[in-house]
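Read off the chains here:
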Amino acid sequence: MSKRALITGITGQDGSYLAEHLIAQGYQVWGLIRGQANPRRWWVSRQLSEVNFVDGDLMDQSSLVSAVDKIQPDEVYNLGAISFVPMSWQQPELVTEVNGMGVLRMLEAIRMVSGLSISGITHNSGMRFYQASSSEMFGKVAETPQRETTMFHPRSPYGVAKAYGHYITQNYRESYGLFGVSGILFNHESPRRGAEFVTRKISLAVARIKLGHQDQLRLGNLDAVRDWGFAGDYVRAMHLMLQQEQGGDYVIGTGQMHSIRDAARIAFDHVDLNWEDYVVVDPALVRPAEVETLCADSRSARKALGWEPTIDFPDLMRMMVDSDLRNVSRERQYEEMLLSTSW
């Protein structure tokens, strides 16, 4: 029989790419959905008709127990989170409930349904759990590049909540014998990224400026440096982690650093525009506590998992700009059609 996978956050960037990958591997895929009104559920249903949905909420323990018990998944991928870091300063309690306590609730659901006990007699049997950890846990970095053993010093409520989720996954692995892994993923982007994230904000603005729908792009700290990769590459690593003999934690990234200035330059160059003519630095967009330098040392994952990224950052930015050029053009054509239609 084919394996069953349960994905939280299936309507997000990573969830949709992971669902595609698992379906291609022959999995039955279930997505946890909070209520029927999720605006992106229709997109997933249209693009991935093989996906099944089950009701559940990372803030509701009983709903998670019910979902896990109903599906009896072989693998659980916990990607559900409030992932826009600046929001964590505005709503720190909510972000902590979802990104931190939500991990505990899902682990508890798996423990209860699987019958795991503190004795660990059922060591490494039954359901396998993937936790989406984050490079934001490193924060004020102790060393560069960052590896699995680098000390955490998160600089946002988001990073603090993710650190809790990371450590509670380790604790359940050690206490109950749960097969749990954490992927410490560095920034990963795609055309499916939300428009509030800086790479997508840049690509969308470049498309709108090129097509005459926008005049400028307002950004914060142009010197902030990140290790950016392609989300489609990173979900392959998530799956590989759950295929190992033992659970563990892995850093996933490209090992290449680029600044926000680099991202803007590459994107504007792609449409033959000078970024300096359009980018405006807005101090209001600078984080209260900035994470300035993140770079992954993913040698452990590359050796153990056989994983390698396939798309570099310049190609990724160009891919995103091309996608947004198509999207903006379609939106404009639709608006013109509405204006020209007689009612």
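Calculation notes
- Per chain, the residues get numbers from 1 upward, laid out in the order the sequence is written.
- Under the rules for a predicted model, residues below a pLDDT of 70 receive no local features and side-chain atom pairs below 80 are neither given nor counted, while totals for whole chains, interfaces and linings still include all residues.
- Heavy atoms from the whole structure form the basis of all side-chain values; hydrogens and water molecules are not counted.
- Helix and strand definitions follow DSSP, with helices as H or I runs of at least four residues and strands as E runs of at least two, each counted in order from the N terminus.
- Only C-alpha atoms enter the radius of gyration, while the globule expectation follows 2.2 Å times N to the 0.38, with N the number of residues.
- Burial here depends on accessible area, computed with a 1.4 Å probe over protein chains only, as a share of the maximum for the residue type. Under 20% is buried, over 50% is exposed, and the range in between is partly exposed.
- A contact between two residues is defined here by any heavy atoms of the two lying within 4.5 Å.
- Every accessible area reported is derived by Shrake-Rupley at a probe size of 1.4 Å, with residue values counting cover from the shown protein chains alone.
- We treat Lys and Arg as the positive residues and Asp and Glu as the negative residues; His and chain ends play no part in the count.
- By convention, charge coordinates are those of NZ in Lys, CZ in Arg, CG in Asp, or CD in Glu.
- Nonpolar cores were defined as sets of buried Ala, Val, Leu, Ile, Met, Phe, Trp, Tyr and Cys residues, with membership established by side-chain atoms within 4.5 Å.
- The axes are straight lines fitted to the C-alpha atoms, using for helices just the contacting stretch, and the angles between their N-to-C directions are given from 0 to 180°.
- When an angle is under 35 degrees it counts as roughly parallel; over 145 it counts as roughly antiparallel; between 65 and 115 it counts as roughly perpendicular; any other value is oblique.
- Two helices cross in a left-handed way if the nearer one is turned anticlockwise from the farther one by less than a right angle. They cross in a right-handed way if the turn is clockwise.
- Residues were grouped as follows: Ala, Val, Leu, Ile, Met, Phe, Trp, Tyr, Cys and Pro as nonpolar; Asp, Glu, Lys and Arg as charged; and all remaining residues, including Gly, as polar.
- Think of it this way: DSSP has to see at least two bridges between two strands before they count as a pair.
- Between Lys or Arg on one side and Asp or Glu on the other, a salt bridge is scored when a side-chain nitrogen of the former is within 4 Å of a carboxyl oxygen of the latter.
- Two rings from Phe, Tyr or Trp (for Trp, the six-membered ring) form a pair when their centres are within 6.5 Å of each other. A pair whose planes differ by under 30 degrees is stacked, one over 60 is edge-to-face, and the rest are tilted.

## Let's talk about the overall build of the chain
Helix and strand counts for the chain stand at 11 helices and 13 strands. Whereas a compact globule of 343 residues would reach a radius of gyration of roughly 20 Å, the chain reaches 21 Å, a difference of no more than 12%. Seen through its C-alpha atoms, the chain measures out along the principal axes to roughly 65 × 55 × 40 Å. For the chain, with 343 residues in total, the buried portion stands at 52%. The long-range share in the chain, meaning contacts at least 24 apart out of those at least 6 apart in sequence, stands at 77%. Accessible area of the chain: about 15300 Å², with a carbon and sulfur share of 49%. On the chain, the mean spot of the 34 positive side-chain charges and the mean spot of the 41 negative ones are 2 Å from each other.

## Examining the nonpolar core
In terms of nonpolar packing, the biggest core is built from 63 residues, with Tyr-77, Tyr-130 and Ile-202 touching the most fellow members. No other element matches the 7 residues that helix 11 (residues 313-340) contributes to this core. When residues no more than four places from it in sequence are discounted, the contact partners of Tyr-130 are Val-76, Tyr-77, Asn-78, Leu-79, Val-181, Ser-182, Gly-183, Leu-185, Met-238, Met-241 and Leu-242. Counting 26 residues, the second-largest nonpolar core is a separate cluster that includes Val-68, Met-106, Tyr-172 and Tyr-176.

## A closer look at the packing of helix 7 (residues 198-210) against helix 9 (residues 260-270)
Put simply, helix 7 and helix 9 touch, their axes get as near as 10 Å, and they point 30° apart. The angle between the axes of helix 7 and helix 9 places the two elements in the roughly parallel class. The chirality of how helix 7 crosses helix 9 is right-handed. Note on element contacts: helix 9 touches helix 7 through Ile-260, Ala-263, Ala-264, Ala-267 and Phe-268, opposite Val-198, Ile-202, Val-206 and Ile-209. When grouped by side-chain class, the residues that make up the contact of helix 7 with helix 9 number 9 nonpolar, no polar and no charged.

## Details of the side chain of Ser-133
Residue placement: Ser-133 occurs in strand 5 (residues 128-134). Not counting residues within four places of it along the chain, the set of residues in contact with Ser-133 comprises His-166, Ser-182, Gly-183, Ile-184 and Leu-185.

## Side note on the sheet that holds strand 3 (residues 52-55)
Strand order across the open sheet formed by 7 strands is 3-2-1-4-5-6-11, with parallel pairing between neighbours. This sheet does not close on itself; its edge strands, each paired only once, are strand 3 and strand 11 (249-252). Shown here is a sheet whose adjacent strand axes are inclined to one another by a mean of 25°, direction ignored. Across 7 bridges, the pairing between strand 5 and strand 6 (residues 179-185) is parallel. Directly across from Ser-134, in strand 6, lies its bridge partner Leu-185. Against the sheet, helix 3 (residues 61-71) makes contact with strand 1 (4-8), strand 2 (28-33) and strand 3, and its axis sits at roughly 145° relative to strand 3, the strand it touches most.

## Thoughts on the pattern of salt bridges
Under the definition given, this model contains 17 salt bridges. Between Glu-143 and Arg-147 there is a salt bridge, with its nearest N and O atoms 3.0 Å apart. Owing to a relative accessible area of 25%, Arg-147 belongs among the partly exposed residues under this scheme. Salt bridges sharing common partners tie together Glu-143, Arg-147, Asp-297 and Arg-299.

## Structural notes on the environment of Ile-23
Along the chain, the position of Ile-23 falls in helix 1 (residues 13-24). Separated by 83 residues in sequence, Ile-23 and Met-106 place their C-alpha atoms 23 Å apart. Those residues in contact with Ile-23, other than ones at most four positions away along the chain, are Val-29, Leu-48, Glu-50 and Val-51.

## Re the packing of aromatic side chains
Where two aromatic rings form a pair, the distance of their centres and the angle of their planes describe that pair. Considering all chains together, one arrives at 9 aromatic pairs under this definition. Judged by centre distance (5.0 Å) and plane angle (15°), the ring pair of Trp-228 and Phe-313 falls under stacked. You can see Trp-228 sitting in the loop between strand 9 (225-226) and strand 10 (229-230) and its partner Phe-313 sitting in helix 11, a full 85 residues away along the chain. With respect to class, Trp-228 is no different from Phe-313; both count as buried. Each ring, one from Phe-268 and one from Tyr-278, has its centre 5.6 Å from the other, and the planes form 5°; the classification is stacked. Remark: Tyr-278 occurs in the loop between helix 9 and strand 13 (279-281) and Phe-268 occurs in helix 9; sequence separation between them is 10 residues. Taking relative accessible area as the criterion, Phe-268 reaches 0% and is therefore assigned buried. Since its relative accessible area comes to 22%, Tyr-278 is described here as partly exposed. These aromatic residues form a ring-pair network of at least three members: Phe-138, Phe-152, Tyr-167 and Phe-186.

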